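Structural characterization, general
Take a look at the letters that make up each chain.
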Amino acid sequence: MFARNRFLFLVVVGGAVLAVLSFSLQFLNLIPTSPMLDEQAGQAADGGFRGLQAKSRKRVFPVHHTQEPDPVFEAYSYCNTPNRTEQAWEGHSPADYKLLSVHVMIRHGDRYPLYSIPKTRRPSIDCTLSASRQPSHPLLDSFINHMGQGTRGHWEAQLGSISRLPNHSVCEMGELTQTGVVQHLRNGQLLQRAYKHHSLLPSDWSPRQVWMETTGKSRTLQSGMAFLYGFLPDFDWTKVTVHHQWSTLFCGSACECPARSKYLEEEQRRQYRLRVADSNLERTFIDMARTLGVLTRQLRAANPIDSLLCHLCHGLPFPCVSGGDGGSGGCLTMAQFAVIRQQQLDDEVDRRRFGAYRKYAILAMYPYLNRTANKMERVARANEEGRQPRLGGEEVFTLSSGHDVTIAPLLSALGLEEAKFPRFAARIVFEMWKSPPTTQGQAKNRAGKSERSKSNRKDGEVFIRVLYNGEDVTFHTAFCHPSDRHINQPLCPLKNFLTFVRKDIFSIVNATSYKDACYKLSG
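The structure contained in this document is the topic of the report that follows.

Parameters at a glance
Residues numbered from 1 in each chain as written. Predicted model: local features only at pLDDT ≥ 70, side-chain atom pairs only at ≥ 80, totals over all residues. Heavy atoms only, no water. Helix = DSSP H or I, 4+ residues; strand = E, 2+ residues; numbered from the N terminus. Contact = heavy atoms within 4.5 Å. Phe/Tyr/Trp six-rings, centres within 6.5 Å; stacked < 30°, edge-to-face > 60°. Buried < 20%, exposed > 50% of the residue type's maximum accessible area, 1.4 Å probe, protein only. Lys NZ or Arg CZ within 6 Å of the ring centre and 35° of its normal. Disulfide = S-S within 2.5 Å. Pairing = 2+ DSSP bridges. Right-handed = clockwise from strand over helix to strand, strands pointing away. Axes fitted to C-alpha atoms, helices over the stretch in contact; angles between N-to-C directions. Left-handed = near helix turned anticlockwise from the far one by under 90°. Nonpolar A, V, L, I, M, F, W, Y, C, P; charged D, E, K, R; others polar. Core = buried A, V, L, I, M, F, W, Y, C linked by side-chain atoms within 4.5 Å. Domains from an automatic or database assignment.

What about the overall build of the protein?
- Helix and strand counts for the protein stand at 16 helices and 15 strands.
- Counted over contacts in the protein with a minimum sequence separation of 6, partners at least 24 positions apart contribute 83%.

What follows is the structure, encoded as structure tokens:
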């Protein structure tokens, strides 16, 4: 009873201060703690709630406090409970700019734990969908009905047998919850409203213009479908093909990279050294194991933070056990939770200092970034003045549904290492814009020259914006700095992004190409 009352007290107090807190935190196993292949990491993707992400869209980067914030209060933001109105900056641009394409990478929504705490009851959560149960959404009923028509869509073979909706009255391990579905219905609807006046997709859009891909987990497929339905309500199933990405890195046919594995192993060793040196963390695990009556190593292997955070996000008291059977009995506490969280704050700082993760991230996400750059370039060329449109149009909307181990390295590869760790239903959005055409006379006037010249029409320039959870982070990236921004150029030129992906990105790993970077360490 004491533990539960303390939990409720923290919820009330946390609500009062949450608006002014921001944080950057990763949970245990941001990456595997023992070496494993990327596809193995995918099987355990998101295992252990690898990070915490601030809910406040005003601050996606950490704010330095004179007093260290309490890690418990910050955890509520990671849950991303869909109970508030969220403003976002997607779709904002200078007047008369044309939106050419949008590429979205999402993390799946709220899910049931992947691990259970030994000798405790699993959290009691219903994973069926019902509009009468909270949290809900105005589109939920129609979404459920629409998913029932999914056989009319096109599914790559590996995805055909996966349920399009979570459907267990007692959640299975890793299953998407109703909260997770609602989070992405909201995300999709948010972008639908942001772009509806920009004519991104015509009402009669063609199958070529929309691309959707997902890993082979039900939680990513279902999250992607919820997002797509929020973005394109009652979409025509016959126009949709859902593509499968076997790797959580979305690297397609370019996943082979020995150097990436070496950097991953370096990062794992760093993470392990920091963890075993934390005596407070070790004492906490010993205390928790004593309460439960299990070996400390058994508890550590069960990754208790995964289940504890689920309790927190769903308003459930932390698990308790009776005495006997080798244990002292009692409840796991918020104080123990906070110790594990604090260790992750320390790990986040140390990870940036050490630098191996950034190198891993660059090689991990280069294939996805290169594919995105190629798509953008094709659309930009198709929109050059005088070009005849391609039959069926270009691919102008891309949705990729992944995991925290997808979003986190993507942020790092872009140079957004200070960004908050991906919360449930986190999103990274790449927007491509084109300025209106000008004349030489207009260009001279903008340069401060008053003389008139012969009016020769000049095609507009193409720009890129990067947004994380609705916040414009473009000028925090490695390819666009605040000094590049001025009154005549409020956006980042697309050429900066293309040069970064095709050349500059490799300087961080002392290489000149992806092949060079991947194989020079093994040569």
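Topic: the packing of aromatic side chains
- Tallied over the full model, the rule gives 15 aromatic pairs.
- Here the aromatic rings of phenylalanine 143 and tyrosine 229 are separated by 5.7 Å at their centres, their planes lie at 55°, and the arrangement is tilted. On the criterion of sequence distance, the pair formed by phenylalanine 143 in helix α4 (residues 140-147) and tyrosine 229 in helix α6 (residues 218-231) is long-range, its members being 86 residues apart.
- A relative accessible area of 1% means that phenylalanine 143 is categorised as buried.
- Linked through ring pairs, Phe143, Trp155, Tyr229, Phe235 and Trp237 together constitute an aromatic cluster.
- Its guanidinium or amino end placed over the ring of tryptophan 205, lysine 239 lies 5.0 Å from that ring's centre, counting from NZ or CZ.
- The aromatic ring of phenylalanine 285 is capped on one face by arginine 300, whose charged end is 5.3 Å from the ring centroid.

Observations regarding the state of the cysteines
- Taken as a whole and assessed by the stated rule, the structure comprises six disulfides.
- Through a disulfide, cysteine 79 is tied to cysteine 313; the S-S separation comes to 2.1 Å. Note on the cysteine 79 and cysteine 313 pair: the S-S dihedral is about -80°, so by sign convention the disulfide is left-handed. Of this pair, cysteine 79 sits in helix α3 (residues 71-79) while cysteine 313 sits in helix α10 (residues 304-313); the two residues are 234 residues apart in sequence, bridging distant segments of the chain.
- Under the relative-accessibility criterion, cysteine 79 is labelled buried at 2%.
- A relative accessible area of 15% means that cysteine 313 is categorised as buried.

Here we look at the pairing of strand β5 (residues 210-214)
- Burial runs high along β5: four of the five residues are buried.
- As paired elements, β5 and strand β9 (residues 397-402) share five bridges and run parallel to each other. Across the sheet, residue threonine 214 finds its bridge partner in β9, namely serine 401.
- Inspection of the sheet shows β5 paired to strand β6 (residues 241-244) by three bridges, in the parallel sense. If you follow glutamate 213 over to β6, its bridge partner there is histidine 243.
- Each parallel crossover has a hand, and the one from β5 via α6 to β6 is right-handed.

What to know about the packing of α4 against α6
- In the contact formed by α4 and α6, the axes pass within 11 Å of each other and the chain directions differ by 115°. Relative to α6, α4 is oriented so that their crossing is right-handed. Together, Ser142, Phe143, His146 and Met147 of α4 and Met225, Ala226 and Tyr229 of α6 make up the contact between the two elements.
- Here the contact of α4 with α6 is built from residues that sort into five nonpolar, two polar and no charged.

Concerning the nonpolar core
- If you look at the biggest cluster of nonpolar residues, it comprises 58 residues, and the most contacted ones within it are Leu369, Phe430 and Phe497.
- Mapped onto this core, the elements with two or more residues apiece are β3 (98-107), α7 (258-276), α12 (356-382), α13 (404-413), β10 (427-434), β13 (462-468), α15 (494-502) and α16 (514-519).
- If you tally residues by element for this core, the top one is α12, at 14 residues.
- In terms of domain composition, this core takes at least three residues from each of domain 1 (83-249 + 359-434) and domain 2 (258-353).
- If we skip the residues at most four places from it in the chain, phenylalanine 497 touches Leu369, Ala373, Met376, Leu414, Phe430, Ile464 and Phe479.

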